[in-house]
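Spelled out, the chains give:
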Number of protein chains: 2
Amino acid sequence: MTVNRQILLTENPSGKLAESHFKLSEGTVPTPKDGELLVRTRLISLDAANRAWMQGATYRAAVDAGTVMAGGSVSEVMEAKAPGFAKGDLVFADTGWQDYAAVPAKGAQKLPKMEPLSHLLSVYGIAGLTAYFGLLEVGKPKAGDTVVVSAAAGSVGTIVGQIAKIKGCTVIGIAGGAAKCKMLTDELGFDAAIDYKAEPVGKALRKAAPKGIDVYFDNVGGDILEAVLFGMNNFGRIACCGAVSQYDGAAPAHGPRGIPGLVVVKRLTMQGFIVMDYADRHDAALNELQGWVNSGKIKVKEDIMTGLENTPKALVGLLAGDNVGKRMIKVD
Amino acid sequence: MTVNRQILLTENPSGKLAESHFKLSEGTVPTPKDGELLVRTRLISLDAANRAWMQGATYRAAVDAGTVMAGGSVSEVMEAKAPGFAKGDLVFADTGWQDYAAVPAKGAQKLPKMEPLSHLLSVYGIAGLTAYFGLLEVGKPKAGDTVVVSAAAGSVGTIVGQIAKIKGCTVIGIAGGAAKCKMLTDELGFDAAIDYKAEPVGKALRKAAPKGIDVYFDNVGGDILEAVLFGMNNFGRIACCGAVSQYDGAAPAHGPRGIPGLVVVKRLTMQGFIVMDYADRHDAALNELQGWVNSGKIKVKEDIMTGLENTPKALVGLLAGDNVGKRMIKVD
């Protein structure tokens, strides 16, 4: 326990992110100060938001070139210099991509011990809670509604679609590739899936949603948001969760057509949210999610890669859409 | 009472609307069927929405070339073939631009007699109700909030700003031209006004709204919406009322930048509405508006032109922004 492997972001990319924007480095294991925890990372979460942080300030500070790449992880407490934590505790914290980190205890969230541990990053982590609150609180689906979700085979999308099914909705997923689409319909119970790489989304939506779309859970923005806008029903709700189509490159020159014209005519509501806004209700949501997982109503999709050195590759691949379900790195 | 002057839309414009897209014609006075009213138009309402109707189906059917131009008016009942109406009653109905019309009684709304009659189209008409519900129900301003309204010197904007002042907000109007801006601050009590023809709106907003924008009442869409988006505070609300920048020409190639990225990061809500959605609460709203007008808290701005033959000119001018307050035609 003397070497601390770290992945540094060497350059803030202006275009597409590549593995060459990172380098593996070695630092020392930090000594925690009062109020801090020394933790060892076990599972590092990969999220499209990691890329957005490189573009500048979002709901967190921007990530700077030359420093350890930021990222959340499930970590184990090695030494606690703060009340309420002990050696061996599991926490979720923004440790960054490294073996060891000293993190403020205030920003660390204690986790229950469970098997598999990976569920703490998927269905019981930010992905599951984002799906839960975004769909139910922002999208407000009613039984019989038609719900569309983009990035449907991703960590959030897989759970959004399954919760919408539990609520009695017709569910259409938009994903890239035939294999993902088949998984959505055959394995997760989606009513239909649209392969945006193989067919025009607008036309496919008119076929898959003949009664129009009541709720759209938007993970991607861009052209797909535009296509869905034209298919929305009056009084439809759009839960704006992310804009992954716009993170990996220069800022887009324009937004989707139909804003605000269609928003007015159809009396749509578009609402952005982040999961931290619902922090006081996370426990209740986790209880409900657990019930659905235990009863088999939610199948958990995870995409686990191994080795800290593979974290850049894992993120670059995620942005290209090569993951199915929640992607994470198991640190050796 | 034998000739019925009518303004026909001769062509659905693909670019800018011009007076040459209309022609004055003469028809006969129609005979009302059972369930209809024969009415004589007194005051014709001019609205940016008139232009939107020419683009295709909105919340009403598209307007077709070759027919009498559609439009709402305050009219007087000449003959009633429906229960509940009598000769001499005043109604608001979609009569179109003509002297006489036979309209279904079901679509006619009985109006109180009042002086000036014009208030029935401005503060006590669709404009006032749109301002009331859009600001209070969609924008949800709290005392101390910063509220921005575009097309601020128009029929809706003048009332939005004054209601926001009543609610204890800091109010910034965006309008075209120094005279309108001066009217907003000197006469209507706006805290600031931005002349979008004279200065970049984004920069002016940063100066006028140093604490950021909590509520934006959007009448225009386009570049101004984009500029305001970048100045919104977290959890801000955008009431999408219209997109007048996009009605008078071809459909815009793109929407505003920042959609959906800024909506997510700032957790904004954008919501479209039309005043008919609140029909069951119009009476209560009218009561409150009347109280504010009678106590001088709302000053009513009207822009009344005379002569049916001038209706095309009145609409073309409205789309160019040459009106102050509610524009209408007094039919001779």
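The structure reproduced in this document is the subject of the present report. Quantities reported herein were computed from a predicted structural model and do not represent experimental measurements.

Notes on the nonpolar core
Then, in step 1: Counting residues in hydrophobic clusters, the biggest one holds 52 residues, and the most contacted among them are Y216(A), V228(A), M270(A), Y216(B), V228(B) and M270(B).
Then, in step 2: Residues contacting M270(A), with those up to four places away along its chain left out, are L225(A), I238(A), C240(A), I259(A), V263(A), I259(B), L268(B), T269(B) and M270(B).

As for helix α4 (residues 178-187) of chain B
All names here are of chain B.
Then, in step 1: If you check which residues of α4 are buried, you get K180, C181, M183 and L184. Projected down its long axis, α4 shows its buried positions confined to an angular sector of 160 degrees, all on one face. Those residues of α4 that are exposed and aimed more than 90 degrees away from the buried face are A178, A179, K182 and D186.
Then, in step 2: Where α4 is buried, its residues contact α3 (155-166), β9 (170-175) and β10 (192-195).
Then, in step 3: Downstream of α4 by a residue or two, G189 has a phi angle that is positive, lying close to 85 degrees.

Description of the environment of A70(B)
Residue and element names in this part refer to chain B.
Then, in step 1: Note that A70 resides in the loop between α1 (48-55) and β4 (72-80).
Then, in step 2: Spatially, the C-alpha atom of A70 lies 9.3 Å from that of Q98, the residues being 28 residues apart in sequence.
Then, in step 3: Those residues in contact with A70, other than ones at most four positions away along the chain, are N50, W53, R60, V63, D94, G96 and W97.

Structural notes on the relation of the copies chain B and chain A
Then, in step 1: Superposing chain B onto chain A requires a rotation of 180 degrees together with a translation of 0.0 Å along the rotation axis, leaving an RMSD of 0.0 Å. Read as a symmetry element, the transformation amounts to a two-fold axis. For chain B, the residue whose C-alpha comes nearest the rotation axis is G255(B), separated from it by 2.2 Å.
Then, in step 2: A share of 100% of interface residues in chain B that are also interface residues in chain A marks the association as one of identical surfaces.

Here is what the cut-offs are and how they apply
Residue numbering note: each chain is counted from 1, following its sequence as written. Note on labels: chains are lettered from A, ligands numbered from 1, in written order. With pLDDT at 70 or above as the cut-off, local features in this predicted model cover only qualifying residues; side-chain atom pairs require 80 or more to be listed or tallied, and sums for whole chains, interfaces and linings still use all residues. Hydrogens and water are ignored here; the side-chain numbers use all heavy atoms of the structure. Nonpolar core, defined: a set of buried Ala, Val, Leu, Ile, Met, Phe, Trp, Tyr and Cys residues in which side-chain atoms within 4.5 Å join the residues together. Working definition: with a 1.4 Å probe on protein chains only, accessible area under 20% of the residue-type maximum means buried, over 50% means exposed, and in between means partly exposed. Residue contacts follow a heavy-atom distance rule, with two residues in contact if any of their heavy atoms lie within 4.5 Å. A helix here means a DSSP run of H or I that spans at least four residues, while a strand means a run of E at least two residues long, and both kinds are numbered starting from the N terminus. Here, the arc refers to the directions that run from the helix axis to the C-beta atoms. We place the copies in one frame by least squares, fitting the C-alpha atoms of every residue whose pLDDT is at least 70 in both.

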